[in-house]
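# Secondary and tertiary structure notes
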Amino acid sequence: FNHLKIEYFSFNFVYILIFYWTLKNPNLLGYVSIFFAGVINDVVTGLPIGVSSLSYLLICAATAYIRDITLRPHFIKDWVSFLFTILVVSSSHMFILDLIFSLKSDYTIYFSNLGFTFILYPLFFFIFNYINPKKIIKTND
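Residues numbered from 1 in each chain as written. Predicted model: local features only at pLDDT ≥ 70, side-chain atom pairs only at ≥ 80, totals over all residues. Heavy atoms only, no water.

Counted under the stated rule, the structure contains one salt bridge. Lys24 is the partner of Asp78 in a salt bridge, and the nearest nitrogen-oxygen pair spans 2.9 Å. Taken together, the positions of Asp78 in helix 4 (residues 75-100) and Lys24 in helix 1 (residues 13-24) put the pair 54 residues apart, joining distant regions of the chain. For Asp78, a relative accessible area of 3% translates into the label buried. Given a relative accessible area of 31%, Lys24 falls into the partly exposed group. (Salt bridge = Lys/Arg side-chain N within 4 Å of Asp/Glu carboxyl O. Helix = DSSP H or I, 4+ residues; strand = E, 2+ residues; numbered from the N terminus. Buried < 20%, exposed > 50% of the residue type's maximum accessible area, 1.4 Å probe, protein only.)

Following this line, the structure appears as structure tokens:
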């Protein structure tokens, strides 16, 4: 949706995907594969190599911390921690692009992207919760 040129409607599905699966099932996505997904995203979107990878790995670090301190998982707590995580990750992403690489961006697009990402998290949370018990991971016998 970010590249369909629909003005002020975009959300970052990758942030939702990485946050949910590294929080709920950290063995499913490896950090190396998340890093390479970020590199591929940078190549496709034309960003400097490693910026998206850093953002994705910051999400992984946040979910590892949240997973360690959480005694009882709760949807509202996950949602609020998701908001804090995407605010930190997006601000560091913008800081790197603006100050280090001097790539100027429209902040209203980023704020609307953050808002829609935060608002759509519950929808994908319930979809992923529906999918999570149904997936089958085969182990060696």
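Among the surface-exposed residues, Tyr31, Val32, Phe35, Phe36 and Leu57 lie close enough to one another that they form a single nonpolar patch of about 480 Å² accessible area. The greatest single-element share of the nonpolar patch, amounting to four residues, is contributed by helix 2 (residues 31-45). Counting through the fold element by element, Phe36 comes out in helix 2. (Patch = residues over 30% accessible without salt bridge, like charges linked within 9 Å, V, L, I, M, F, W, Y side chains within 5 Å. Areas by Shrake-Rupley, 256 points an atom, 1.4 Å probe, with all protein chains shown as cover.)

A few words on the layout of surface pockets. Its volume calculated, the second largest pocket comes out at about 160 Å³. Lining the second largest pocket, in full, are Leu58, Ala61, Ala62, Tyr65, Ile66, Ile69, Phe84, Thr85, Val88 and Val89. Broken down by secondary-structure element, the contributors of at least two residues to the lining of the second largest pocket are helix 3 (51-69) and helix 4. A per-element tally of the lining of the second largest pocket places helix 3 first, with six residues. (1 Å grid on protein atoms, 1.4 Å probe; cavity = no way out; pocket = protein on both sides within 12 Å on 5 of 7 lines; lining within 4 Å. Points joined across faces, edges and corners; volume = space filled by probe spheres on them.)

Across all of its chains, the model carries 19 aromatic pairs by this definition. With a centroid separation of 5.6 Å and an interplanar angle of 70°, the aromatic rings of Phe35 and Phe36 are classed as edge-to-face. (Phe/Tyr/Trp six-rings, centres within 6.5 Å; stacked < 30°, edge-to-face > 60°.)

With that out of the way, let us pick up helix 1. With 12 residues, helix 1 should cover 16 Å at 1.5 Å per step; its first-to-last C-alpha distance of 16 Å lies within 8% of that length. All of the buried residues in helix 1 are Tyr15, Ile16, Ile18, Phe19, Tyr20, Trp21, Thr22 and Leu23. Against the buried residues of helix 1 lie helix 2, helix 3, helix 4 and helix 5 (107-131). (Expected span 1.5 Å × (residues − 1). Contact = heavy atoms within 4.5 Å.)

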